[in-house]
Amino acid sequence: MNFTLPTAEALRGALAGLLDGLPPKQAAQAVERLIASYRGTTPTGAPVLRDRSDVAAYAAYRMPATFEAVRSALAALRDAAPEWTPATHVDLGGGTGAATWAVAEAWEERAASTVLDWAEPALALGRELAEASGSPALRAATWQRSRIGPALRIESTDLVTISYVLKELTPADRVALVAEAARAAQAVVIVEPGTPDGYLRVIEARQQLIDAGLSVAAPCPHSGACPIVPGTDWCHFSARVSRSSLHRQVKGGSLPYEDEKFSYVAAVRDGADGPAAVPAANRVIRRPQIRKGMVLLELCAKPRELTRETVTKKHGDLYRAARDTDWGDAWPPPRPETA
Ligand SMILES: C[S@@+](CC[C@H](N)C(=O)[O-])C[C@H]1O[C@@H](n2cnc3c(N)ncnc32)[C@H](O)[C@@H]1O
């Protein structure tokens, strides 16, 4: 069998054929239309992704980045709950399936995924990309048309992902969506753009999940209130996205990569069936500053504070670990398993 883990590379491969046959000018126009729609008023009363060229533009322009952002959030959840593997997964507002690709990669194909979205062209393209992926889990995923709103009901599931969706919803639909995710799932992962307003939506959803009985597995070291004062700063992270030549053609620019900024929360239901999650002791919330003989870390720490740590050569192994530590990592790094 042609078995490929749905990695970023496999996704680039599946996307490569997408704009074939569409003249570059038309592809660029489709991207511009899409950007204008997203810059305009959201939520909209009807899908933004209306036809094949909209979804092709979305997939080429955004999917590699949303995939990497979700991938980072799932890596943090896996660090907090290393023993847990979801058997079932629902991707709400899943579009062309970026989060579903990330789930299939994170747990090596073990979760059966269902992707729900109200835009049929997005689901159709998602199905096609899944088919091209060579991944049995993606090929077996179910793609269903469904509208997010107060009437949304999903079956009980191990994991729900909600990736880059909250911005597109009315406040009431956002609350209904998070409530339904919290009711139905053992673990919920929500990812939004890493902007001040994306962070505020994540913080609101985080509180709603906590009020519904879940606890935060990542990025926060605790389930208490966020120590960041809204309006002064926002908690966000960065994921590096390699750009294929197709991606460069659609987005312009010549760099071989870009950095996708995102905010997220991963929360779990404590209890017998849920994942046993231990959040990081501290989370690195800025890119570490490496100076001569020292590394400066900005941390979110337990019980509820923002703090700075300077790790110098004198700290030996810890200094070496700090030099390898990245924005978004747990600090100190989890001890490697001893054989
Ligand atoms: C920015 S895209 C994100 C797609 C995908 N989750 C990702 O991370 O790439 C937002 C998705 O939410 C879907 N969406 C927005 N409002 C919706 C609603 N009321 N019901 C169902 N889907 C909705 C859109 O059709 C679109 O596919």
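All of these numbers come straight from a predicted model, not from anything done at the bench. (Residues numbered from 1 in each chain as written. Predicted model: local features only at pLDDT ≥ 70, side-chain atom pairs only at ≥ 80, totals over all residues. Heavy atoms only, no water.)

Student: Explain the pattern of salt bridges to me, please; I cannot follow it from the model alone.
Tutor: Pairing between side chains of opposite charge can happen when their charged atoms approach one another. A full pass over the atoms with the stated rule returns 15 salt bridges. Across the pair arginine 52 and glutamate 128 runs a salt bridge, and its minimum N-O distance is 2.7 Å. Highlighted residues: arginine 52 in helix 3 (residues 52–80) and glutamate 128 in helix 5 (residues 120–133), separated in sequence by 76 residues. We classify arginine 52 as partly exposed; its relative accessible area is 39%. Owing to a relative accessible area of 42%, glutamate 128 belongs among the partly exposed residues under this scheme. We note a salt bridge from glutamate 68 to arginine 71, for which the minimum N-O separation is 2.9 Å. Remark: arginine 71 and glutamate 68 occur in helix 3; sequence separation between them is three residues, near one turn of the helix. Put simply, Glu68, Arg71 and Glu105 are held in one network by salt bridges that share partners. (Salt bridge = Lys/Arg side-chain N within 4 Å of Asp/Glu carboxyl O. Helix = DSSP H or I, 4+ residues; strand = E, 2+ residues; numbered from the N terminus. Buried < 20%, exposed > 50% of the residue type's maximum accessible area, 1.4 Å probe, protein only.)

Student: How should the site of the ligand be read in this particular structure?
Tutor: Not every one of the 18 residues close to the ligand is listed here, only the nearest: Tyr58, Gly93, Asp117, Ile148 and Ser163. One of the backbone N or O atoms of isoleucine 148 is found 2.8 Å from a nitrogen atom in the ligand. Measuring from an oxygen atom of the ligand, one finds a side-chain N or O atom of serine 163 at 2.4 Å. The fraction of the free accessible surface of the ligand (590 Å²) that becomes covered by protein chains is 97%. Judged by its atoms lying within 2 Å of the grid points, the ligand is housed in the largest pocket. (Near = heavy atom within 4 Å. Polar contact = N/O pair within 3.5 Å; in protein donor to acceptor, adjacent residues only side chain to side chain. Areas by Shrake-Rupley, 256 points an atom, 1.4 Å probe, with all protein chains shown as cover. 1 Å grid on protein atoms, 1.4 Å probe; cavity = no way out; pocket = protein on both sides within 12 Å on 5 of 7 lines; lining within 4 Å. Sits in = over half its atoms within 2 Å of the grid points.)

Student: Would you take a moment to explain the domain arrangement of the protein chain for this structure?
Tutor: Interface size is commonly expressed as the accessible surface area that is lost when the partners come together. The assigned domain composition of the protein chain is domain 1 (8–269) and domain 2 (282–331). For domain 1 and domain 2, the distance between their C-alpha centres works out to 29 Å. The largest share of the area that domain 1 buries against domain 2 comes from Pro221, Pro227 and Phe237, three residues that together contribute 42% of it. Linking aspartate 233 and arginine 286 is a salt bridge whose minimum nitrogen-to-oxygen distance equals 2.5 Å. Where domain 1 meets domain 2, there are six residue pairs in polar contact (both at pLDDT 80 or more). Within the residue set of the side of domain 1 that touches domain 2, elements represented by two or more residues are strand 7 (237–242) and strand 8 (257–269). It is strand 8 that provides the largest number of residues to the side of domain 1 that touches domain 2, a total of three residues. Split into classes, the residues belonging to the side of domain 1 that touches domain 2 amount to ten nonpolar, three polar and three charged. (Domains from an automatic or database assignment. Buried area = accessible area lost by both parts, 1.4 Å probe. Nonpolar A, V, L, I, M, F, W, Y, C, P; charged D, E, K, R; others polar.)

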